[in-house]
Amino acid sequence: MKVTGYRSLTTAHDWGRLIGDANGVMPETRTDVPVLILETDVGLEGVGLGPHGDVERVFRAVDGADPRAAPALYDRMLNQVFKTGHAGATFGTVGALDMALWDLKAKAADEPLWRTVGAADRFVPGYASGLDIALDDDALARLYERFAERGFDAAKLKGGHDVERDRRRLEAVREILGRNSPRPALMLDANEAWNRAQAVRFVTALERTVDLTWVEEPVRRWDAAGLASVRHGVRAAVATGENLTGLEQFRPLLDADAVDVVQVGSVWGITHFLRTAAVAHGRDLPVSPVAYHANPLAAAAAAVPNHLACEVQDFTWPIGLAVDQEIADGGIVLGDRPGLGIQVDEQRIAATRASTSAVGPHVRPDRAGLRLVPDPAATVPRRRPARPTGAAATR
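Just so it is clear, the structure is predicted and the values come from calculations on it, not from any experiment.

(A) Local environment of the overall build of the chain. If you tally the helices and strands in the chain, you get 12 helices and 17 strands. By the compact-globule yardstick of 21 Å for 395 residues, the chain fits well, its C-alpha radius of gyration being 21 Å. Its C-alpha atoms give the chain principal-axis dimensions of about 65 × 60 × 40 Å. Here the chain holds 395 residues, and 57% of them are scored as buried. Look at the contacts in the chain between residues 6 or more apart in sequence, and 71% of them connect residues 24 or more apart. Summed over its atoms, the accessible surface of the chain is roughly 16700 Å², and 50% of this surface lies on carbon and sulfur atoms. Treating the 46 positive side-chain charges of the chain as one cloud and the 52 negative ones as another, the clouds have centres 6 Å apart.

(B) Representation of the packing of helix α2 (residues 70-80) against helix α10 (residues 270-281). Two elements in contact, α2 and α10, have axes whose closest approach is 9 Å; the angle formed by their N-to-C orientations is 100°. Classed by the angle they form, the pair α2 and α10 counts as roughly perpendicular. Only T271, H272 and R275 of α10 make contact with α2, whose side of the interface consists of A70, P71, Y74 and D75. Looking at the contact of α2 with α10 residue by residue, the class counts come to three nonpolar, two polar and two charged.

(C) Seen up close, the sheet that holds strand β1 (residues 3-14). Taken in spatial order, the three strands of this open sheet run β1-β4-β5, and their pairing is antiparallel. Here the strands that pair on one side only, and so sit at the sheet edges, are β1 and β5 (45-49). Taken over all neighbouring pairs, the strand axes of this sheet differ in orientation by 25° on average, direction set aside. When strand β4 (residues 30-40) meets β5, the two strands line up antiparallel, connected through five bridges. By the bridge assignment, L36 is partnered in β5 with G48. Lying over the sheet, helix α3 (residues 89-108) contacts β1, β4 and β5, oriented at roughly 145° with respect to β5.

(D) How the structure looks around the pattern of salt bridges. Across all of its chains, the model carries 24 salt bridges by this definition. In this structure, the salt-bridge partner of R17 is D314, at a minimum N-O distance of 3.5 Å. Remark: D314 occurs in the loop between β13 (310-312) and β14 (321-323) and R17 occurs in the loop between β1 and β2 (20-21); sequence separation between them is 297 residues. Its relative accessible area of 9% is what places R17 among the buried residues. Across the pair K156 and E216 runs a salt bridge, and its minimum N-O distance is 2.8 Å.

(E) A look at the side chain of H307. Within the secondary structure, H307 sits in the loop between α11 (298-301) and β13. Among the polar contacts made by the side chain of H307, one reaches the main-chain amide nitrogen of C310 at a distance of 3.3 Å. Here H307 is in contact with V124, P125, V287, P289 and A301, once residues within four sequence places are set aside.

(F) Local environment of the packing of aromatic side chains. In the structure shown here, the tally under the stated rule is seven aromatic pairs. With centroids separated by 5.4 Å and ring planes inclined at 90°, the aromatic side chains of F147 and F152 adopt a geometry described as edge-to-face. Comparing F147 with F152, the two get one shared label, buried. Each member of the aromatic cluster is reached from another via a ring pair, and the members are Y144, F147, F152 and F315. Sitting over the ring of W102, K105 keeps its end group 5.9 Å from the ring centre. Sitting above the plane of the F315 ring, R150 keeps its charged end 4.2 Å from the centroid.

(G) Spotlight on the environment of D132. For D132, the position within the fold is in the loop between β6 (123-128) and α5 (137-149). Among the residues examined, D132 registers a relative accessible area of 0% and is labelled buried. If near-sequence neighbours (up to four positions away) are discounted, D132 is found in contact with G20, L140, Y144, K156, L157, K158 and R169. Within the structure, D132 has its side chain in polar contact with the backbone nitrogen of K158 (distance 3.1 Å).

About the criteria used
Residues numbered from 1 in each chain as written. Predicted model: local features only at pLDDT ≥ 70, side-chain atom pairs only at ≥ 80, totals over all residues. Heavy atoms only, no water. Helix = DSSP H or I, 4+ residues; strand = E, 2+ residues; numbered from the N terminus. Rg over C-alpha atoms; globule rule 2.2 N^0.38 Å. Buried < 20%, exposed > 50% of the residue type's maximum accessible area, 1.4 Å probe, protein only. Contact = heavy atoms within 4.5 Å. Areas by Shrake-Rupley, 256 points an atom, 1.4 Å probe, with all protein chains shown as cover. Lys, Arg positive; Asp, Glu negative; His and termini not counted. Charge placed at Lys NZ, Arg CZ, Asp CG, Glu CD. Axes fitted to C-alpha atoms, helices over the stretch in contact; angles between N-to-C directions. Parallel < 35°, antiparallel > 145°, perpendicular 65-115°, else oblique. Nonpolar A, V, L, I, M, F, W, Y, C, P; charged D, E, K, R; others polar. Pairing = 2+ DSSP bridges. Salt bridge = Lys/Arg side-chain N within 4 Å of Asp/Glu carboxyl O. Polar contact = N/O pair within 3.5 Å; in protein donor to acceptor, adjacent residues only side chain to side chain. Phe/Tyr/Trp six-rings, centres within 6.5 Å; stacked < 30°, edge-to-face > 60°. Lys NZ or Arg CZ within 6 Å of the ring centre and 35° of its normal.

Here you go:
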């Protein structure tokens, strides 16, 4: 079997709600979902999800190769771009291709990916995560009621602007999930919105009434000293790693003893997750995948000994994707469809309207990490008024 080509598609996911974090909120309920399909000479096709804007350049590393050598091809892709580096969009492309290669590897064996990577159980423990900073308190409660109905006893909320607002919302979710556990696990994700002193002040204030399981990305992703400082200043564990693009970027954080929960972004692919999980396991640290559409790392998470919980963001799938999973019992129940378990309806996707936006949680606001006082209105970052020009400027 040989890889012979690829097709790139864009579909959309309708969340039924606005999503965002401390950096911003998407302007509409639909967001784009890039889909990459790898073609082979035997008719099998592999599916990868996530942005892959550098695919034309990186594809050369896998063209004509047997996809069953997915881990070796992962290294070949990194070697292909070593002079310019593999971070950022290039690493996303490597991840999408790697995901499609693993999908093909499992399909060639006619088995689900969780079997191919060696998992013994199809159930993957999870936690609820609604990307919920834009929701008012009533909408937040309704969302987590739905998670509670599916057995979840752990949740991660987006926050970081106003400690009292975050306290109120965490306590409300604690009560909702209390039907499933007398002490639900509660996490807060600041998405790199604080500096280290802000992080310690904010979290210690919350911890007067809320037992936080972890605080996520309290400072910048690469700030080993800052993450270590936060870790030693609060009771909660520190979780980070979803935005680290390459195994080597974890080394300074681990050497600084700066992380308690090692996270891996789903869009970086299967091989990166498995290698990061192994490195974390060598330090007796748990690993936790950060969600993406169709939960593509769930199968790999089922196979590693130090998996903690997989983030679950929604109960529905992007337009044109049929996914062989069930969200139940507080986690993900994987199916038996070969590969990742994703079927693609290209005709339906072709009719899907793209919804790319230049604003939202992917854009860092100007004053991130530089706020002196709580900012209760900043579910959408405030913008500086335009400077007057002409006659207006002289008044």
